[in-house]
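# Observations on the model geometry
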Amino acid sequence: GSGMIIHPGVSVIFRKKVEFRGSRSDPITITSHSMDPFGVVAIHGDDASGSTMKHVAIENGSQSKVNGVSYLGMLSIHNSSNIIIENLRSSSNRGADDMFHVVYGRNIVLRNSEFRNAQLDAIDIDLSTIEVDGLTISQAGNDCIDVMGGSVRFHRVLLHQCGDKGISVGEKSTAEIFALTI
């Protein structure tokens, strides 16, 4: 299959529009070169707006600080809009606050995705708007979903074995939640 093998501690930051187009039978895999985690994969900035990730499996990443910016999730979206993520399989991040972190994201869509074995929060949404349809999270060390200052819409969400809260919606956030099982 196709994919990216990233050396430990190394991060890949996309500052222009990027399209990951895997398929159900041949997903794009993103993993570390060794047992030690890579840094992050990030989509950052207005020029990266309109990016897509379809049928991607990402594992064994961490967090990183690059050019003064702290990326707290193995997969991070910063200051970008109109991002579509479909059929993402995310697992086993290490040494990081979040598995998937969105900050200052506008019109982010996450569909039919699965997150497993998050070290702390599986999904952390800060000051962003996001729509989620079809999500399973299992085994998060802290919150399965943490929202701060965001506007979120969740549909068809299953949360299992959350270490703290299933979903935390606070600090000037609004949420519409349909078909949630915790």
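Read on for an overview of the structure.

Cut-offs applied
- Residues numbered from 1 in each chain as written.
- Predicted model: local features only at pLDDT ≥ 70, side-chain atom pairs only at ≥ 80, totals over all residues.
- Heavy atoms only, no water.
- Helix = DSSP H or I, 4+ residues; strand = E, 2+ residues; numbered from the N terminus.
- Contact = heavy atoms within 4.5 Å.
- Pairing = 2+ DSSP bridges.
- Disulfide = S-S within 2.5 Å.
- Buried < 20%, exposed > 50% of the residue type's maximum accessible area, 1.4 Å probe, protein only.
- Phe/Tyr/Trp six-rings, centres within 6.5 Å; stacked < 30°, edge-to-face > 60°.

## Some thoughts on the side chain of Thr-52
With respect to the element layout, Thr-52 can be found in strand 6 (residues 52–59). When neighbours within four sequence positions are excluded, Thr-52 is seen to be in contact with Val-18, Glu-19, Phe-20, Arg-21 and Ile-84.

## Side note on the pairing of strand 14 (residues 129–140)
When strand 12 (residues 106–118) meets strand 14, the two strands line up parallel, connected through nine bridges. Of the residues in strand 14, the one forming a bridge with Ser-113 is Leu-135. Bridge count between strand 14 and strand 16 (residues 151–162): 10 bridges; the pairing is parallel. What sits directly across from Ser-138, in strand 16, is His-160.

## Quick word on the state of the cysteines
Across all of its chains, the model carries one disulfide by this definition. There is a disulfide in this structure between Cys-144 and Cys-162, and the S-S distance comes to 2.0 Å. Across the disulfide from Cys-144 to Cys-162, rotation about the S-S bond amounts to roughly -100 degrees, and the bridge is consequently left-handed. Taken together, the residues Cys-144 in the loop between strand 14 and strand 15 (145–148) and Cys-162 in strand 16 connect sequence positions 18 residues apart. Using a relative accessible area of 0% as the deciding quantity, one classes Cys-144 as buried.

## Overview of the packing of aromatic side chains
According to the stated counting rule, one finds two aromatic pairs in the structure shown. The interplanar angle of 85 degrees and the centroid separation of 5.6 Å between the aromatic rings of Phe-14 and Phe-20 together place this pair among those described as edge-to-face. Grouping residues by exposure puts Phe-14 and Phe-20 together as buried.

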